[in-house]
Amino acid sequence: MEAAGPVNGTGLSGGAKWAVGGIIGGSAAAGLLAAGSSALALYFARRVITPERVREADQEVLAVIREGRGLHIILAATPENTVEGVYGLFFDGGRGHARIGRILSYSPAERTVLRDVEAVYSGDLAAARRGWWSGAAYPDPASLGLPAEEVLIEVDGGTAPAWLVRAAPAPEMPAPDTPAPDTTAPDTWAIMVHGRGGSRQEGLRALRTARELGLSSLLISYRNDGLAPSAPDGRYGLGSTEWRDVEAAISFARGQGAREVVLFGWSMGGAICLQTADLSRHRHLIRAMVLDAPVINWVNVLAHHAELNRIPSSVSRYGQLMLSHRLGRRLTGLAAPVDLKAMDWVSRAVELRTPTLILHSVDDEYVPYGPSAALAEKNPEMVTFEPFSRARHTKEWNVDPDGWERLVTAWLGQQLAPRANPGQAGPGPAGAPDPEPPHPV
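Residues numbered from 1 in each chain as written. Predicted model: local features only at pLDDT ≥ 70, side-chain atom pairs only at ≥ 80, totals over all residues. Heavy atoms only, no water.

Asker: Lay out the overall build of the protein with the relevant residues and their values.
Answerer: Summing up its helical and strand segments, the protein has 10 helices and 14 strands in all. The buried share among the 441 residues of the protein stands at 48%. Sequence separation of at least 24 residues holds for 73% of the intrachain contacts in the protein that already meet a minimum separation of 6. Accessible area for the protein stands at about 21,500 Å²; split by element, carbon and sulfur atoms hold 55% of it. (Helix = DSSP H or I, 4+ residues; strand = E, 2+ residues; numbered from the N terminus. Buried < 20%, exposed > 50% of the residue type's maximum accessible area, 1.4 Å probe, protein only. Contact = heavy atoms within 4.5 Å. Areas by Shrake-Rupley, 256 points an atom, 1.4 Å probe, with all protein chains shown as cover.)

Here you go:
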């Protein structure tokens, strides 16, 4: 084609002007789109690692009714409060706490549910208008009838409070012809690790089971949970930093006479337990792990949440890059990048050498159960997977307390049975320095 002649002395024809304008406009639009995607990716990344100090009160209380000596509560129906089981309802900004029990009636047409109130631990439930649903049905060990000590564990930046519930006193010696009770030695301790945005109250659900197995229990707090000191950067490490607080708890337990520990973890607490078993100098003391709805693969979880929030997969991957790249910490506020690949336990399945029980609901809306099942499939020698249903996220105990406790008691009882070779080497005396465990090849 022949070139068009100059117009108005500009050196560009009318068609050329439109072409150049289109290029400039397209570039500007592309730039705005890229900037918008970057901002969304940064927002997504920061939401994942920033502790939330205020919980959303998404449960509407319609009425509280007195029935004889008891109370019933009418709630606006939600997917959470229309599932059978026992739960906690927090209200009045978290100052009030009630234990909510069975469903008495449910009206899908009116979108209301009537439930039994088993106990009100604090606050005026009759005055409550909104609150939030929780798997933490009990406020403290005393509400379970168990004595507890408030202890402080030395961690980075100060001390972290924990509840210590010691094993039940040993029974008196039976008569010569009476078989001795089958209990675990009291030098094995349970350490309970709650999830992201949770508290040590989460571990109360496992407390009776641990005590029946003869374990002392330490229900810990860790960095950024509102009780323990905050991390210097004020950000979650998704397990990559928090495991050091679990290591400190194991050190505390050893100083109190523990020779071995069992780790219990919920949600991100499961990821923290896995990192502890992988990285801690005390990892050879970890006899077993019980993980409830654990994060096995953060990439999978982040992709799931991006999809739930209708965030493009490319933006989600960009957010993951910000979290894991050393340059991204300037934007996210992280003191160090989070190695998401190192916390992908499906890919690292054969490296897990600690016996692990995973309990995970197949309808978990927050942490998909697929990686839990895949880990057990890839490493059946070490990992046992027990699926639940209707439990949503970390409420496996809540929907079926008897079933949860039965499964954990049976599996953990086998793991804590005396070893086949009583003469094999074990941990040294309490308070003695740990021998350096061999590193995996």
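There is more to say, and it comes next.
Asker: Please give an account of the pattern of salt bridges that cites residues and values.
Answerer: Throughout the structure, instances matching the rule amount to 14 salt bridges. One salt bridge connects R392 with E365, and the closest N-O pair in it is separated by 3.5 Å. Taken as a pair, R392 in the loop between β14 (383-388) and α9 (396-399) and E365 in the loop between β13 (356-361) and α8 (370-378) lie far apart in primary sequence, 27 residues in all. (Salt bridge = Lys/Arg side-chain N within 4 Å of Asp/Glu carboxyl O.)

Asker: Before we move on, could you go through the sheet that holds β13 and cite the residues and values that matter?
Answerer: Taken in spatial order, the 8 strands of this open sheet run β7-β8-β10-β9-β11-β12-β13-β14, and their pairing is mixed. Each edge of the open sheet is held by one strand with a lone partner, namely β7 (149-155) and β14. Averaged over neighbouring strand pairs, the angle between their axes works out to 20° when direction is ignored. The pairing of β7 with strand β8 (residues 158-165) spans 7 bridges and is classified as antiparallel. (Pairing = 2+ DSSP bridges. Axes fitted to C-alpha atoms, helices over the stretch in contact; angles between N-to-C directions.)

Asker: Any chance you could break down the packing of aromatic side chains for me, citing the residues and the numbers?
Answerer: Tallied over the full model, the rule gives 5 aromatic pairs. Ring centres 6.4 Å apart and planes at 65° place the aromatic pair Y138 and W397 in the edge-to-face group. Taken as a pair, Y138 in the loop between β6 (130-134) and β7 and W397 in helix α9 lie far apart in primary sequence, 259 residues in all. When sorted by exposure, Y138 lands in the same class as W397, which is buried. The positively charged end of R200 is found above the aromatic ring belonging to W163, 4.0 Å away from the centroid. In this structure, R348 is placed above the aromatic ring of W345, and the distance from its NZ or CZ to the ring centre is 4.2 Å. (Phe/Tyr/Trp six-rings, centres within 6.5 Å; stacked < 30°, edge-to-face > 60°. Lys NZ or Arg CZ within 6 Å of the ring centre and 35° of its normal.)

Asker: Give me empty space enclosed by the protein: which residues, what numbers.
Answerer: Tallying each qualifying case throughout the model produces 1 cavity of 30 Å³ or more. Lining the largest cavity are E80, V83, Y87, W133, R390, A391, R392, K395 and V399. Taken together, the residues of the lining of the largest cavity break down into 5 nonpolar, no polar and 4 charged. (1 Å grid on protein atoms, 1.4 Å probe; cavity = no way out; pocket = protein on both sides within 12 Å on 5 of 7 lines; lining within 4 Å. Points joined across faces, edges and corners; volume = space filled by probe spheres on them. Nonpolar A, V, L, I, M, F, W, Y, C, P; charged D, E, K, R; others polar.)

Asker: Describe the pairing of β13, and please don't skip the residues or the numbers.
Answerer: Most of β13 sits out of view: 6 of its 6 residues are buried. Residue alternation in β13 divides its side chains into two sets, T356, I358 and H360 and L357, L359 and S361, and both sets are buried. Here β13 pairs with β14 via 6 bridges, running parallel. Each residue of the ladder has a partner; that of L359, found in β14, is E386.

Asker: Outline unusual backbone geometry, supporting the account with residue identities and numerical values.
Answerer: With phi around 75°, N224 is a residue other than glycine that occupies positive phi space. Tracing the backbone shows N224 in the loop between β10 (216-220) and α3 (243-255). By relative accessible area, N224 is classed as buried at 1%. Positive phi, close to 60°, is recorded for L238, a residue that is not glycine. In this fold, L238 is placed in the loop between β10 and α3. For L238, a relative accessible area of 0% corresponds to the buried category.

Asker: I'd like a rundown of the nonpolar core, residues and numbers included.
Answerer: Counting residues in each nonpolar core, the largest one holds 64 residues, and the members touching the most others are I153, I191, L218, I220, L238, M289 and W298. For this core, the element with the most residues is α3, which contributes 7 residues. Setting aside anything within four residues of it in sequence, one finds I220 in contact with I153, P161, A162, I191, M192, V193, H194, R200, V246 and A249. Grouped together as the second largest cluster of nonpolar side chains are 48 residues, V113, V117, A288 and F388 included. (Core = buried A, V, L, I, M, F, W, Y, C linked by side-chain atoms within 4.5 Å.)

Asker: Can you explain the confidence of the model for the protein? Please cite residues and give values.
Answerer: Interpreting fine coordinate detail is not advised for predicted regions of low pLDDT. A residue-level look at the protein finds 83% of positions with pLDDT of 70 or above and a mean pLDDT of 88. Across residues 1-12, where pLDDT falls below 50, the model places 8 contacts with residues more than four positions away in sequence or in other chains. Confidence drops under pLDDT 50 across residues 180-184; counting only partners more than four residues distant or on other chains, this segment forms 6 contacts. (pLDDT = per-residue confidence, 0-100.)

Asker: Go over the packing of α3 against helix α4 (residues 268-279) with me, naming the residues and quoting the values.
Answerer: In contact at an axis separation of 8 Å, α3 and α4 are set at 70° when each is read in the N-to-C sense. Between α3 and α4, the crossing angle belongs to the class labelled roughly perpendicular. Crossing hand, α3 versus α4: right-handed. Facing α3, whose interface residues are W243, V246 and I250, α4 presents I272, Q275, T276 and L279. Tallied by class, the residues present in the contact of α3 with α4 amount to 5 nonpolar, 2 polar and no charged. (Parallel < 35°, antiparallel > 145°, perpendicular 65-115°, else oblique. Left-handed = near helix turned anticlockwise from the far one by under 90°.)

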